[in-house]
Amino acid sequence: MMALGVIGLLVFFLYPLLANLFYSFTNYDLASPPKWIGLRNYSYLFTQDPRVGRAALNTLWFVALLVPVRIACSLGVAMLLTRRKRAAGFWRTLFYVPALVPPVASVVGFVFLFNPGTGPVNTVLRALGVKGPLWFNDPSLAKPSLLLLGVWMMGDLMVIFLAALLDVPRDQYEASALDGAGGWQRFRYVTLPNISPVLFFAAVTGVIAALQYFTEAAVASSVANGKTGIDAGPDQLLGYPDDSLLTYTQWMYVQGFSSFQLGYAAAMAVVLFVAAAAVMAVLLRRAGVFRQKEK
Amino acid sequence: MRRQPTRTPEPARAPAKTPEAAGHRKRRAREHRLRTATATTSAALTLVLTACAAGHDGPVARTAPAHLSGTIQLWHHYSDREAAVIQSVVDGFEKKYPDVHVEVHSGQQDTKITQVVASGGDVDALITNVNATLGTACKTMENLAPFMRRDGVRASDFQGIFAAATAFGGRRCSLPTTSDVYGLYYNTKLLARAGVTRPPRTLRELERAALKLTTYKPDGSIRTLGFDPLVGFQQNTSATFGGTAGVTWMKGGQSAIASSPQWRALLGWQHDFVEKIGYAKLKAFSAGLGDEWSANNAFQTGRIAMALDGEWRVAFIQDQAPHLAYGTAPFPVLDGSGQAYGGGFVSAADIGVSKRSGNKEAAWALVKYMTTDTDAAVRLANGIKNIPTLKSAADSPRLDAPKQYRTFLDAAAHPASRTSPVTEIGSMLTATMDDFWTGYQQRPQEGLDSGLKKVDTDIDNALSLRRAK
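Q: I keep staring at the overall build of chain B and nothing clicks. Help me out?
A: A tally of regular secondary structure across chain B gives 18 helices and 12 strands. Across the 469 residues of chain B, 55% fall into the buried class. For chain B, the proportion of contacts with a sequence separation of at least 24, taken over those separated by at least 6, is 75%. Carbon and sulfur atoms make up 52% of the accessible area of chain B, which amounts to about 20,000 Å² in all.

Laid out in structure tokens, this is it:
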């Protein structure tokens, strides 16, 4: 069994990792053998690629905003739900259900909901005398619109927080109340330390998912620009409007599988791997601080 | 590719007598193991990667084989109704060559087909889109020139620029099957109501007519639009607009967009047009329209009076809006560009033989049948409702060519018709220009000159990376 595990590790982890590293130093288009070009892919990535900077910034935007906002909202809703005594099951189900909807269907639904001309959101706003924005068709609002979607789909995280909150010993709340602690102090000194492992888990998985953010942005772009299907290629569909939804992984996909710049896409993957590892290292260090405090 | 230096293993020595010497030997042994592992890994990777190369052009028999047999694989991107048309043409081929069986893989994207061919998949013949993937796919496809010479197939059998457009870098790696041709669709009722007596022939005429045809709601938003000038809207791209203005994309293997006066004039015209209606109004209107490919298409529902579109729209209208009163015309040309009226942007689907095919003669027979057999080409065009590229098919009385469709048939053969160049970076060429233009149309203050120069630089950098040795 052990040998099988090692073979699996070598074939499915080590070989792809080494092969990717090797490709990143080559000019490789699938159609001809890879040619060694040293650091040329990396110099193009850092100094010449016209769209990679925008794609990286968009990705960082999702890391910096989507992850904390989703965590904050999930935690907030979970805390409210722990206090509800009547119809608690109904409310928990209501907040969890959006997480069961496939992401593609959710995005399509949201884009139609926020369609500037025919969507119900702007129709209601018009009825109230407010000129509705362009939402997914406005480069400055496309990402915040996806943020709304991310919050709507927070059920998965909310359930985990709910379980963690219900696990916090009640006697600690009672003791702190007897000591005169207010609501904020109980949250800061009782709730947070108790759920910090779950918070850490949410942060780590959230950051990894945000660094690889692809599906929701890709579907939103293709549906909002009305080019779903037939002969539109990925470089035409992804990023709309005005590259505001172009993420790093989408650009990597376009380079690798639409433009056949496999060597360059491999270099992009290496940089993403290093960046993700660096972010994880910082998060792990922060987790170490938490543990020290507990001691 | 650089090679890892290898060394002959050193002979065994007597055990070390000092801790320093022992440490030194351990280090050396570790380094040796590391070097061996690196060399082995490099060799393994090289072997694996070389196996993925595209293959070689094979020798061609002096005379065409008298009898063909075997099974060949055809991969293409058509699906549903169009895939059925391809199948019917393949059926015709199998009838002609009863001992050849064709396994058809429909609904495969061009990029996927190229990936499969390049990685050694079982593909004998493949249909791709010229402008998107030929720059890469050509390396995986057999040189058809010797087959053509032997069997008397000439480039002049095809109309317009299609024969030239389906070769790349001097290699005749494919032949054109059908083509997409772009032109102007106009709603005859709306034009008559606005007093526009004939379809516009220049872009300024188009703008004047469009402004006349545009109506507004009481809140100032657009009710009906004469023509949507935004790049990114449906088929409005730098390639399709550029095709009507005689623009220069490349010169001497380098991007020449900034030095082309036609590009500046074209962007200037579009900028003025957008300003007259307002970018925000146009964007809000465009965003509220139905999907381009559905029955809610804005031209089909009468919300847009004129549109730049391909010949396939005739079939869509026949199917989805049969009562629409409309006409078609060549797309207007840029005033003063020297571009002759009557042509337009064209793009071909092409078919070739995989270099790795185990039955190249049968695969070539299929390619020849689908591209040069008049009956097959007519059946393809009638079924898919694209424009035939074979001259004899375009002239055939059996070609189903309603009045609106004939406009595109004429435009395909017109000497002024243009396509965007095939390059190693595929659709990245036009996508780079599209990207700049979509930004420029909303932020013109960022500058046209500097923007176009950056487009040149970006394209040249991408080409340079692709050509790096």
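Still to come is the rest of the account.
Q: Looking at this structure, how should I read the overall build of chain A?
A: Regarding its fold elements, chain A presents 14 helices and two strands. Dimensions of chain A, computed from the C-alpha atoms along their principal axes, are close to 75 × 60 × 40 Å. Counting across all 295 residues of chain A, residues that qualify as buried make up 47%. Considering only intrachain contacts with a sequence separation of at least 6, the fraction spanning at least 24 residues in chain A is 67%.

Q: Quick question: what am I supposed to make of the side chain of B:Gln115 here?
A: Inspection of the secondary structure puts B:Gln115 in helix H3 (residues 110–118). B:Gln115 gets classed as buried once you look at its relative accessible area, which sits at 18%. Not counting the four nearest positions on each side in its chain, B:Gln115 is found in contact with A:Leu30, A:Phe257 and A:Phe260.

Q: Explain the interface of chain A and chain B to me, please; I cannot follow it from the model alone.
A: It is common to give the size of an interface as the accessible area lost on bringing the parts into contact. At the interface, 48 residues of chain A touch 47 residues of chain B. Between chain A and chain B the total buried area reaches about 4,200 Å² when both faces are included, carbon and sulfur atoms providing 56% of it. Counting every contact that joins chain A to chain B gives three salt bridges. Counting the contacts that link chain A with chain B gives 12 residue pairs in polar contact (both at pLDDT 80 or more). Listed by contribution, the elements that provide at least two residues to the side of chain A that touches chain B are helix H1 (2–23), strand E2 (35–36), helix H2 (40–47) and helix H13 (248–258) of chain A. Here the side of chain A that touches chain B is composed, by residue class, of 24 nonpolar, 15 polar and nine charged.

Q: Would you mind going over helix H10 (residues 183–211) of chain A with me for this structure?
A: Since the α-helix advances by 3.6 residues per turn, residues separated by three or four positions end up pointing in the same direction. Over its 29 residues, H10(A) runs only 35 Å from end to end, short of the ideal 42 Å by more than 12%, given 1.5 Å per residue. Largest kink in H10(A): about 60°, centred on A:Ser196, with the proline A:Pro197 one to four residues after it.

Q: Would you take a moment to explain the pattern of salt bridges for this structure?
A: Oppositely charged side chains are able to pair whenever their charged atoms sit close together. Using the criterion set out here, one finds 21 salt bridges over all chains in the structure. The residue A:Arg51 makes a salt bridge to B:Asp435 at a minimum N-O spacing of 3.6 Å. Of the two residues, A:Arg51 sits in the loop between H2 and helix H3 (52–83) while B:Asp435 sits in helix H17 (residues 428–440), which places them in two different chains. In this structure, the salt-bridge partner of B:Glu424 is B:Arg467, at a minimum N-O distance of 2.9 Å. Taken together, the residues B:Glu424 in the loop between helix H16 (403–413) and H17 and B:Arg467 in the segment after helix H18 (448–466) connect sequence positions 43 residues apart. One salt-bridge network, in which partners are shared between bridges, spans B:Arg150, B:Asp151, B:Glu361 and B:Lys368.

Q: How should helix H13 (residues 360–372) of chain B be read in this particular structure?
A: Residues and elements named next belong to chain B. Taking 1.5 Å of rise per residue, 13 residues should cover 18 Å, and H13 covers 17 Å from first to last C-alpha, within 8% of that figure. Counting buried residues in H13 gives 11 out of 13 residues, a clear majority hidden from the surface. Along H13, the positions that sit buried rather than exposed are Lys 360, Glu 361, Ala 362, Ala 363, Trp 364, Ala 365, Leu 366, Val 367, Tyr 369, Met 370 and Thr 371.

Q: Is there a simple way to explain the pairing of strand E9 (residues 304–310) of chain B in this structure?
A: All names here are of chain B. Among the seven residues in E9, seven count as buried, and that is most of the element. Where strand E4 (residues 175–187) meets E9, five bridges bridge the pair, whose relative direction is antiparallel. Paired with Tyr 182 across the strands is Gly 310, a residue of E9.

Q: Looking at this structure, how should I read the packing of aromatic side chains?
A: Given two aromatic rings, one states the distance between the centres and the angle between the planes to describe the pair. All names here are of chain B. Throughout the structure, instances matching the rule amount to 36 aromatic pairs over all chains. Their ring planes at 50° and their centres at 5.8 Å tell us that Phe 241 and Trp 437 sit as a pair that is tilted. One end of the pair, Phe 241, is in helix H9 (residues 238–242); the other, Trp 437, is in helix H17, with 196 residues separating them in the sequence. For the residue pair Phe 241 and Trp 437, the accessibility class agrees, reading buried in each case. Relative to Trp 312, the ring of Trp 293 has its centre 5.9 Å away and its plane inclined at 40°; by these criteria the two rings are tilted. Of the two residues, Trp 293 sits in the loop between helix H11 (279–287) and E9 while Trp 312 sits in helix H12 (residues 312–320), which places them 19 residues apart along the sequence. Judged by relative accessible area, which is 8%, Trp 312 ranks as buried. Through successive ring pairs, a cluster of aromatic residues spans Phe 227, Phe 241, Trp 249, Trp 263, Trp 269, Phe 273, Phe 331 and Trp 437.

Q: For this particular structure, what's the right way to read the pairing of strand E6 (residues 222–227) of chain B?
A: One face of the sheet, then the other: side chains in a regular strand alternate in exactly this way. All names here are of chain B. With five of its six residues buried, E6 lies for the most part within the structure. Looking at chain direction, strand E5 (residues 215–216) and E6 are connected through two bridges and run antiparallel. Each bridged residue has a counterpart across the sheet, and for Thr 215 the counterpart in E6 is Thr 224. Counted between consecutive antiparallel strands, the loop separating E5 from E6 contains five residues, among which Gly 220 sits at a positive phi close to 95°. Looking at chain direction, E6 and E9 are connected through two bridges and run parallel.

Q: Would you take a moment to explain the nonpolar core for this structure?
A: A general feature of soluble globular proteins is that nonpolar side chains tend to end up buried together. Ranked by size, the top nonpolar core spans 164 residues in total, and within it B:Phe227, B:Leu266, B:Met306 and B:Met433 carry the most contacts. The next biggest cluster of nonpolar side chains, apart from the first, holds 38 residues, and it includes B:Ile86, B:Phe93, B:Ala349 and B:Ile384.

Q: Just to check I follow, could you spell out the state of the cysteines for this structure?
A: Throughout this description, disulfide means a covalent bond between two cysteine sulfur atoms. Residues and elements named next belong to chain B. This model, assessed by the stated rule, comprises one disulfide over all chains. Shown here is the disulfide that connects Cys 138 with Cys 173, its sulfur atoms set 2.1 Å apart. Here the disulfide of Cys 138 and Cys 173 is left-handed, its torsion about the S-S bond being about -110°. Here the residue Cys 138 occupies a position in the loop between helix H4 (130–137) and helix H5 (145–151), and Cys 173 occupies one in the loop between helix H6 (162–165) and E4, the gap between them amounting to 35 residues. Of the residues examined, Cys 138 reaches a relative accessible area of 2% and is grouped as buried. Classification of Cys 173 as buried rests on a relative accessible area of 0%.

Q: Please clarify how the confidence of the model for chain B should be interpreted in this entry.
A: Caution is warranted with low-pLDDT regions, since their predicted coordinates should not be read in detail. Residue and element names in this part refer to chain B. Summing up the model confidence of chain B, the mean pLDDT is 87 and the portion of residues at 70 or higher is 88%. Counted against residues more than four places away or in other chains, residues 1–19, with its pLDDT under 50, gives 14 contacts. Low pLDDT, under 50, characterises residues 38–52; the stretch is placed with 18 contacts to residues that sit more than four places away or in other chains. Reported confidences for the modelled complex are a pTM of 0.84 and an ipTM of 0.83.

Q: Help me understand the packing of helix H5 (residues 103–113) of chain A against helix H7 (residues 142–152) of chain A in this model?
A: The geometry of a pair of packed helices is captured by two quantities: the angle between their axes and the separation between those axes. Residue and element names in this part refer to chain A. Contact pair H5 / H7: the axes reach a minimum separation of 11 Å and the direction vectors enclose 130°. By the angle between their directions, the pair H5 and H7 is classed as oblique. When you trace H5 past H7, the crossing you get is right-handed. Packed against H5, whose contacting residues are Ser 106, Val 107 and Phe 110, the element H7 presents Ser 145, Leu 148, Leu 149 and Trp 152 at the interface. Here the contact of H5 with H7 is composed, by residue class, of five nonpolar, two polar and no charged.

Conventions and cut-offs
- Residues numbered from 1 in each chain as written.
- Chains lettered and ligands numbered in written order.
- Predicted model: local features only at pLDDT ≥ 70, side-chain atom pairs only at ≥ 80, totals over all residues.
- Heavy atoms only, no water.
- Helix = DSSP H or I, 4+ residues; strand = E, 2+ residues; numbered from the N terminus.
- Buried < 20%, exposed > 50% of the residue type's maximum accessible area, 1.4 Å probe, protein only.
- Contact = heavy atoms within 4.5 Å.
- Areas by Shrake-Rupley, 256 points an atom, 1.4 Å probe, with all protein chains shown as cover.
- Buried area = accessible area lost by both parts, 1.4 Å probe.
- Salt bridge = Lys/Arg side-chain N within 4 Å of Asp/Glu carboxyl O.
- Polar contact = N/O pair within 3.5 Å; in protein donor to acceptor, adjacent residues only side chain to side chain.
- Nonpolar A, V, L, I, M, F, W, Y, C, P; charged D, E, K, R; others polar.
- Expected span 1.5 Å × (residues − 1).
- Bend = angle between axes of the 7 residues up to and from the residue.
- Pairing = 2+ DSSP bridges.
- Phe/Tyr/Trp six-rings, centres within 6.5 Å; stacked < 30°, edge-to-face > 60°.
- Core = buried A, V, L, I, M, F, W, Y, C linked by side-chain atoms within 4.5 Å.
- Disulfide = S-S within 2.5 Å.
- pLDDT = per-residue confidence, 0-100.
- Axes fitted to C-alpha atoms, helices over the stretch in contact; angles between N-to-C directions.
- Parallel < 35°, antiparallel > 145°, perpendicular 65-115°, else oblique.
- Left-handed = near helix turned anticlockwise from the far one by under 90°.

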